[in-house]
Amino acid sequence: MPLPRRLPRLLLPLLLLGAGLLPGPVLAQRTTIEAYAEQVRAAEQARRLRDRIGLARALEAMRAMRPQDPRPRRALAALAAGDGEVERTATLLESLARQGLTEDLALDPAFERVREQPRLRELFDRLRDNGRPQGEGEPVLELPRRDFFPEGLAWDGRRQRWLLGSVAQREIVAVGPDAAPVVFAREGLWSVQGLAIEPGRDRLWVVSSAYPEMRDHDPLLAGRAALLAYALEDGRLVARIEAPADGELHAFNDLWVDAQGGVFISDSGAGRLWRLDPGARQLRALTPPRSLDGPQGLAPSADGSALLVADYGRGLQRVALESGQIEPVQVPDTLTTIGIDGLVAHRGDLLAIQNGVQPRRVLRLRLDASGRQVTAHEVLAQALREFDEPTLGVVVDERLVLVANSPWRYARGSAGLDPQAPLRPPLLLALRLMPPRGGRP
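Residues numbered from 1 in each chain as written. Predicted model: local features only at pLDDT ≥ 70, side-chain atom pairs only at ≥ 80, totals over all residues. Heavy atoms only, no water.

(A) The arrangement of the confidence of the model for the chain in detail. A residue-level look at the chain finds 91% of positions with pLDDT of 70 or above and a mean pLDDT of 90. Confidence drops under pLDDT 50 across residues 1-27; counting only partners more than four residues distant or on other chains, this segment forms 98 contacts. (pLDDT = per-residue confidence, 0-100. Contact = heavy atoms within 4.5 Å.)

Laid out in C-alpha cells, this is it:
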C-alpha cells in the first residue's frame with residue numbers, strides 16, 4: 001500500500017520510523033510534527049553510531065512529545081537497565097505495567113544486568129501477567145473463504161444480514177440467516193475499508209482505497225481513495241466520490257455517518273479528516289493534511305460538538321465539528337489510547353478496539369460530555385484466542401460484534417497474503433455489553 005495502514009506493534013523492540021504527527025492548532029501541529037520527525041531521525045542516527053547519550057536524549061524528547069506512547073519508555077528502560085540503573089528502569093517499566101500492557105522481558109538480554117533485582121523481577125511478572133486472557137467472546141459468523149481478508153462490517157437489521165468488505169477481493173458480501181455469503185457489491189470498489197449504514201435511510205456508505213493487497217492492483221492507482229454509496233435493497237451503486245487529486249497519497253480508512261446523512265472520513269494516508277455534507281457531491285476538508293497520525297475509527301462526542309478520532313500514533317484526539325480544531329483527549333496515566341483501530345459510540349461511552357498494543361484488547365471508555373477527558377475505563381476483553389488482529393466493529397442488540405482475525409500481519413503487498421501463513425476462516429465475534437463496572441479512573 002502507498003503508506004503504512006498502521007504503525008508497527010507497540011512494546012516490541014523500538015522501531016524508529018519516519019514522520020510522526022502531533023496535535024494543537026494548525027501551525028503548532030505542523031511545527032510539532034516536524035520536531036518529532038527530527039527526534040526520530042536523531043534517535044536512529046544515535047542508534048547506528050552506538051551513541052547511548054544521544055539516543056537517550058532523543059528518546060526523552062520523543063517521550064515528552066508523545067507521553068502516551070509506550071515505545072520510547074520501553075527503549076529508555078532498556079538503556080537504563082544496561083547502565084545498571086535499577087530505580088530508573090523500574091519507574092519506566094512501572095508506567096507500562098500500570099497501563100495494562102504486556103511483554104515478557106525475562107529473557108531479554110537488554111535487561112540481563114538488572115534481572116535478579118527483586119523489584120524488577122516483580123515488574124517482569126506483572127508485565128507478563130498483564131497478557132492473560134480476559135473476558136469472553138461468542139462466535140457469530142465464520143466465513144468459509146480464508147482468503148477473504150475482512151476489514152469493515154455493517155449490520156442490515158431490516159434484512160437480517162451481515163455486510164462484510166474485503167481488502168483483497170474488492171467486494172462486499174452479504175451473509176444472511178443461512179450463513180451463505182453472496183456478493184452484494186463490486187462496482188467501483190478497490191480495497192474495502194469501513195462500512196456504515198445511514199440512519200433512517202436504506203443506504204450503505206463505504207470507504208475504499210487502492211491498496212497493493214487488492215486483486216488486479218495497478219500501481220498507477222497508488223494513493224487514490226473513494227467514498228461510495230450503495231442502495232441496500234439491490235446493491236446498486238448510487239454515488240462515488242474520489243479523494244481530491246491534490247498530490248497527497250490518500251488512504252480512506254473508516255467513516256461515521258450522522259443522523260442528518262453527513263459523512264465523515266478518516267484519511268490515514270494524508271493524515272486528515274474529510275466530510276461530505278448532506279446532498280453534496282464533493283468532499284471538503286475538516287482538518288489540514290498531516291494534522292493527524294494515522295486516523296482510524298471515528299465516533300461523536302456525547303454532546304455532538306466534536307468527533308473523537310482514534311489516531312493510531314498519538315491516541316484519541318478531539319476534532320471540533322465547526323472549526324476542525326484538534327486537541328488530544330486527556331487520559332489517566334493508567335491508560336494508553338495509542339493503537340486504537342475501531343471506535344464505536346454506545347450509550348455515552350466509547351468502545352475501542354485496540355490492536356496496536358499488546359495485549360490486543362477491547363476497552364470501554366467513559367468520557368465527559370464534550371469528549372475532552374477520559375474519566376474511567378475498563379477492559380471488556382483481551383488476549384482472546386480468537387484475536388489475531390481485531391479490527392472494526394458495530395453494536396447490535398447490546399453486543400459489540402467485531403472482525404476478530406483480519407490477516408494484516410500476513411499481507412505481502414502486491415504479492416497478496418503469504419501462502420504459507422496459517423490463515424483461519426474470517427470470524428465475527430460478539431462481546432456482550434454488560435453495564436459498566438465502574439472502571440479504572
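(B) Representation of the sheet that holds strand β11 (residues 263-267) within the structure. Taken together, four strands build an open sheet; the order of strands is β10-β11-β12-β13 and the sheet is antiparallel. The sheet terminates laterally at β10 (252-257) and β13 (284-285), the two strands that pair on one side only. (Pairing = 2+ DSSP bridges. Helix = DSSP H or I, 4+ residues; strand = E, 2+ residues; numbered from the N terminus.)

(C) Here's a closer look at the pairing of strand β7 (residues 203-209). β7 sits mainly inside the fold: seven of its seven residues count as buried. In β7, alternate side chains face the same way, and those of Arg203, Trp205, Val207 and Ser209 on one face and Leu204, Val206 and Ser208 on the other are all buried. Bridge analysis of strand β6 (residues 191-197) against β7 gives five bridges, and the strand direction is antiparallel. Its bridge partner being in β7, Val192 is matched across the sheet by Ser208. What sits between the antiparallel neighbours β6 and β7 is a turn of five residues, in which Gly200 has the positive phi angle 75°. Across seven bridges, the pairing between β7 and strand β8 (residues 225-231) is antiparallel. Residue Val207 lies in a different strand from β8, and its bridge partner there is Leu227. (Buried < 20%, exposed > 50% of the residue type's maximum accessible area, 1.4 Å probe, protein only.)

(D) Spotlight on the nonpolar core. Core analysis: the largest hydrophobic core is formed by 28 residues, its most contacted members being Leu59, Leu93 and Phe111. Looking at this core, the elements that each hand over two or more residues are α1 (26-49), α2 (52-65), α3 (70-82), α4 (86-98) and α5 (118-129). Looking at this core element by element, the count peaks at six residues for α3. Non-local contacts of Leu93, meaning those with residues more than four positions away in its chain, are made with Ala77, Leu105, Phe111, Leu120, Leu123, Phe124 and Leu127. (Core = buried A, V, L, I, M, F, W, Y, C linked by side-chain atoms within 4.5 Å.)

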